[in-house]
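# Understanding the architecture of this molecule
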Amino acid sequence: MAETYVKAREADGRKDLRYPAAPEPLTVRVYDNHAHLEITDGVEPLSLAEQLDRAEAVGIAGVVQASGDIESSRWAVDAAASDPRVLAAVAIHPNDAPVYAEAGRLDHAIGVIDELAAHPRVRAIGETGLDFFRTGPEGHAAQFEAFEAHIALAEKHGIAMQIHDRDAHDAVLETLARVGAPEKTVFHCFSGDDAMARVCADAGYYLSFAGNVTFKNAQNLRDALQVTPLDRILVETDAPFLTPVPLRGRPNAPYLVPITLRFLAAELEMPVDDLAAQIAENTLRVYGPFTG
């Protein structure tokens, strides 16, 4: 695969851009449900191999590499084809859909995603959905068009779908109910509350919790965790973003999953190994095996 990355994260006023020390390894291996390893970060950016080696050393057996445009989707497929520790998710991000639409290229972009989704290492369409925080009303029509097209692609290829939902909870749930959700629907970086989590649980959706569940102001996420069935919980980094407390603001990476997982286990008052085993089972149920 190409060694060049398509993006680099800006410092955004963060003071400490060093990658943190590795946490204590897990004894039961799990998977990072959602990361963006094509985005470099920190004062000493890590290569794909370095990211995966660090993750494997602390018990993270694999990473689902998510995408948001044509370039990152192609990168994800290349990454998954080059290393058995990576599976790919391909999509046009809801905030990018209006950009493609304005250029008259949304249909073309969705067609490219359709072609990429046929690759055996692509196991999800994602991330797709709705974002009413960064995109104003003028872009909502393109977001809905892309979201519904991505739902159709997940169904066509018989793979999972990773949802991006920001300030659009009701619209996302309504769209899934109206159009029909894929069998394996994942709310990446779940951002709702316990009431929404119950709706998702009743529908059989999976909820993926990221490092922001550890943030002081994220009681809604902790409440949602408490009502989510154990067989519907996933864990992710959304790396390089959403680094968990006490490392918030520093570069995030899959090797930091153990911090979030141990936090989830403490919140649920269950052994870390038991939760890790359940989440690993859930992840493989959604995406299939990483090897073979």
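Fair warning: this is a prediction, and the values are worked out from it, not measured in the lab.

So, how was this worked out
- Residues numbered from 1 in each chain as written.
- Predicted model: local features only at pLDDT ≥ 70, side-chain atom pairs only at ≥ 80, totals over all residues.
- Heavy atoms only, no water.
- Helix = DSSP H or I, 4+ residues; strand = E, 2+ residues; numbered from the N terminus.
- Buried < 20%, exposed > 50% of the residue type's maximum accessible area, 1.4 Å probe, protein only.
- Salt bridge = Lys/Arg side-chain N within 4 Å of Asp/Glu carboxyl O.
- Phe/Tyr/Trp six-rings, centres within 6.5 Å; stacked < 30°, edge-to-face > 60°.

## Side note on the environment of Ala177
For Ala177, the position within the fold is in helix H6 (residues 169–179). Under the relative-accessibility criterion, Ala177 is labelled exposed at 65%. A C-alpha to C-alpha distance of 9.0 Å links Ala177 and Ala203, two positions 26 residues apart in sequence.

## Focus: the pattern of salt bridges
If you walk through the whole model with that rule in mind, you get 14 salt bridges. Residue Lys7 pairs with Asp69 through a salt bridge whose shortest N-O separation is 3.9 Å. One end of the pair, Lys7, is in strand E1 (residues 7–8); the other, Asp69, is in the loop between strand E4 (60–65) and helix H2 (70–82), and 62 residues separate them in sequence. Taking the relative accessible area as the measure of exposure, Asp69 reaches 10% and is therefore buried. Each of Asp53, Glu56, Asp83 and Arg85 takes part in one network of salt bridges that share partners.

## Remarks on unusual backbone geometry
The omega torsion of the bond from Ala239 to Pro240 falls at 10°, within 30 degrees of zero and hence cis. With respect to the helices, strands and loops of the structure, Pro240 is situated in the loop between strand E10 (233–235) and helix H9 (257–268). The omega torsion across Val245 and Pro246 is 10°, close enough to zero to call that bond cis. As for its position among the elements, Pro246 is in the loop between E10 and H9. Phi at Cys189 is positive, roughly 45°, even though this residue is not glycine. Backbone geometry at Glu269 places phi at a positive 55°, although glycine is not the residue there. If you trace the backbone, Glu269 turns up in the loop between H9 and helix H10 (272–287).

## Some points on the packing of aromatic side chains
In total, this model carries five aromatic pairs according to the counting rule given. For the ring pair Phe132 and Phe144, a centre distance of 6.3 Å and an interplane angle of 55° mean the geometry is tilted. You can see Phe132 sitting in the loop between strand E6 (122–131) and helix H5 (140–157) and its partner Phe144 sitting in helix H5, a full twelve residues away along the chain. On the basis of relative accessibility, which here comes to 25%, the residue Phe132 falls in the partly exposed class. On the basis of relative accessible area, Phe144 is assigned to the partly exposed category, the value being 24%. Between Phe187 and Tyr205 the ring centres are 5.8 Å apart and the planes differ by 40°, which places this aromatic pair in the tilted class. Residue Phe187 is found in strand E8 (residues 185–187), and its partner Tyr205 is found in the loop between helix H7 (194–203) and strand E9 (206–209); the two are separated by 18 residues along the sequence. In terms of burial, Phe187 and Tyr205 fall into one category: buried. Clustering of aromatic rings is evident, with ring pairs tying together Phe187, Phe190, Tyr205 and Phe209.

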